[in-house]
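Structural characterization, general
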Amino acid sequence: MKKIGIIADESSETKARVLLIKDMENFIKAEDIVLVLNGSEEKPVCKILGILRKGQGKNELLNSSRYRPEVAYAKIGGEPSSSREIFSFEVIPIGSFQGNEKLTSNRLIIQPRSPVYIFDEEENPLDLIKNSCKQLSFLDAYLEGHPKWQIPADAFYIPYHVGVFGTTGTGKSWFTRNVLIPFYIKNGYDVLVLDWSGRDYVPFFPNNTIDISQIAKEENAIMEYFSELTDNFFGQNNLRYAFEEYVTGWKNKIYGKSPEQVHNELNQHLQNYIKENVERRDVQAANRRAAERSMKRITTEQIRYLMGDVEIEEILNSLREKKIEVLNLAGYSSNLKLSLFLTLSRKLSDLMYKGQNLNLALVIDEAPQYCPYKPEGILERVTEEIKNLAALGRKHNLNLTLISQGIAGEIGINAAVRRNLNTNFYGRLHPLDAASEGGAKDWLQPYGISADYLLTLEDGRFYFSGVMNPCPVPLLITYEPKDGGN
Ligand SMILES: Nc1ncnc2c1ncn2[C@@H]1O[C@H](COP(=O)(O)OP(=O)(O)OP(=O)(O)O)[C@@H](O)[C@H]1O
Ligand SMILES: [Mg+2]
């Protein structure tokens, strides 16, 4: 350990500043972890582990709003003396301990003059924190600037749900692939990823990907699809009923047939239904024309999409061996993706209502597509389901990992859903988010992390905060992307 300075005037039990010894300002950085020997070097009343934030350089002689000889000298290009310069950092206490005891929150005033030390690379200060975990595990990530200091995380809180936030291109999907997914698997969770655009996960798990078209669809989802393709059956109820009759018992009807056969059969069925059930000749003619137009819009390719036969149960069962499956949702409309989500979430809730422990992490990338700020229509149902899954999940080992560019407000995710995310990773944020109410600012400001920090974070850096972090203060972490990216 190396001494870097002493505690300055005006300290309290929750905050203090360290005055740096000469030249320390050249390498001591924000986010460094320090140890304060509270009281004195020889007989400290306790040792306080802290994190450095909000650095400050002061030289009163150079006050820019007052005229002094030094300022005048600087004005003509001279280099004023540095003898009265002071550099300091705020120390945010993580916790305190005496001897070999466990770390507890600090209640003692951090005494001015107490010496402050920094850890060598070989001594991982996070070792002092990890014992407070109920179920200790490690993220394959490290404290920014210290590749040897792996991050402890409490796997007990996996089913208390996780949020990953950051503007576009900050590395959320990479982080999820390289750090979170391996962490879940290591701790006995299978992982099901919903890849909205098929770009972030599908290419990385070629043997563990299933296309939305391969999955068996529920009859109401099929009706919704036909309705979408035909502008709500061209507003004709008879046509809707005709479709409904064919779709009832869909699975048996399509069994062993080709999409072309199903297409022909459906066409025939619509015509027959109208002939047999519609009495008025003029209405019959209009219905028939609408049926023809519908069948022109519905291609055999679309019928093929509806003929998937893999049941959600099969996917869940095969996960026990495969550990990870990516659902490729690319290529279809939002409504279709969302109706598949509803099928999936109903299945998961059913299993949980029956008392089953799922040991499953459901990764929902592009979360605002599912539970936006103000959900409407099908999104309202989806948002409600996500809230439900979150509540049930805590007792049945279901983790939801929601990934979003924004946190709160219009660019964020629904507040009621967000409340359920008890561990959050914040990457570089959009200015709207960095400052908004209920967003990162409220979570991070008390720990000396200001909006400026959040706006300027580099790619792949995240503040780790919440219940899974055994350290009560958010930590800035990063990782080596192992899968090579694209
Ligand atoms: N650990 C890292 N170190 C350096 N760069 C990284 C790291 N992780 C990710 N990046 C960079 O971030 C880029 C974007 O990553 P990613 O696709 O995960 O972003 P995203 O946050 O998911 O974006 P979007 O919101 O658009 O989906 C990568 O192409 C890579 O260049
Ligand atoms: Mg992404």
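Residues numbered from 1 in each chain as written. Chains lettered and ligands numbered in written order. Predicted model: local features only at pLDDT ≥ 70, side-chain atom pairs only at ≥ 80, totals over all residues.

A separate point is the site of ligand 1. Inspection of the region around ligand 1 gives 15 residues, with Gly 171, Lys 172, Ser 173, Trp 174 and Gly 460 positioned closest. The biggest single contributor to the shell around ligand 1 is helix α2 (residues 172-186), with three residues. (Near = placed C-beta within 6 Å. Helix = DSSP H or I, 4+ residues; strand = E, 2+ residues; numbered from the N terminus.)

Turning to the nonpolar core, a few remarks are in order. Counting 128 residues, the largest nonpolar core has Val 18, Val 34, Val 36, Ile 151, Val 191, Ile 364 and Tyr 426 as its most contacted members. Val 18 has contacts with Ile 4, Gly 5, Ile 6, Ile 7, Ala 8, Val 34, Ser 88, Phe 89, Val 91 and Val 116, leaving out every residue within four places of it along the chain. (Core = buried A, V, L, I, M, F, W, Y, C linked by C-beta atoms within 7 Å. Buried ≥ 20, exposed ≤ 12 C-beta atoms within 10 Å, placed from the backbone. Contact = placed C-beta atoms within 7 Å.)

Next up on the list: the environment of Gly 393. Here Gly 393 shows up in helix α12 (residues 378-393). Its 25 C-beta neighbours within 10 Å are what place Gly 393 among the buried residues. On a C-alpha basis, the gap between Gly 393 and Leu 348 in space is 9.3 Å, while along the polypeptide they are 45 residues apart. Setting aside its immediate chain neighbours within four residues, Gly 393 contacts Pro 159, His 161, Leu 398, Asn 399 and Leu 400.

What follows concerns the sheet that holds strand β7 (residues 136-143). Taking strand neighbours across the sheet as the criterion, the eleven strands line up as β8-β7-β17-β16-β15-β9-β14-β13-β10-β12-β11 in an open arrangement whose pairing is mixed. A single partner strand is all that each edge strand has here, and the edge strands are β8 (150-154) and β11 (209-211). Direction aside, the axes of adjacent strands within the sheet are offset by 30° on average. Pairing between strand β9 (residues 162-165) and strand β14 (residues 398-404): four bridges, direction parallel. Residue Gly 163 lies in a different strand from β14, and its bridge partner there is Leu 402. (Pairing = 2+ DSSP bridges. Axes fitted to C-alpha atoms, helices over the stretch in contact; angles between N-to-C directions.)

Our focus in this paragraph is the domain arrangement of the protein chain. With domains assigned, the protein chain is organised as domain 1 (2-120), domain 2 (132-215 + 312-478) and domain 3 (219-306). Computed from C-alpha atoms alone, the centre-to-centre distance between domain 1 and domain 3 is 74 Å. (Domains from an automatic or database assignment.)

What follows is about the sheet that holds strand β6 (residues 115-118). Overall, antiparallel pairing links the six strands, which are arranged β1-β2-β5-β4-β3-β6 in a closed barrel. Neighbouring strand axes in the sheet, compared pairwise and without regard to direction, differ in orientation by 45° on average. Note: strand β1 (residues 2-7) against strand β2 (residues 16-20), three bridges, orientation antiparallel. If you follow Ile 6 over to β2, its bridge partner there is Leu 19.

A word on the pairing of strand β17 (residues 475-478). Relative to β17, β7 is paired through two bridges, and the arrangement is antiparallel. Opposite Tyr 142, over in β17, you have Thr 478 as the bridge partner. Across three bridges, the pairing between strand β16 (residues 462-466) and β17 is antiparallel. Note on β17: the bridge partner recorded for Phe 464 is Leu 475.

As a further point, take the packing of helix α5 (residues 237-247) against helix α8 (residues 281-297). The N-to-C vectors of α5 and α8 enclose an angle of 55°; their axes lie 9 Å apart at closest approach. Put simply, α5 runs oblique to α8. Here the hand of the crossing between α5 and α8 comes out right-handed. Residues Asn 238, Leu 239 and Ala 242 of α5 form the contact with α8, whose participating residues are Asn 287, Ala 290, Ala 291 and Ser 294. Its residues assigned to classes, the contact of α5 with α8 comprises four nonpolar, three polar and no charged. (Parallel < 35°, antiparallel > 145°, perpendicular 65-115°, else oblique. Left-handed = near helix turned anticlockwise from the far one by under 90°. Nonpolar A, V, L, I, M, F, W, Y, C, P; charged D, E, K, R; others polar.)

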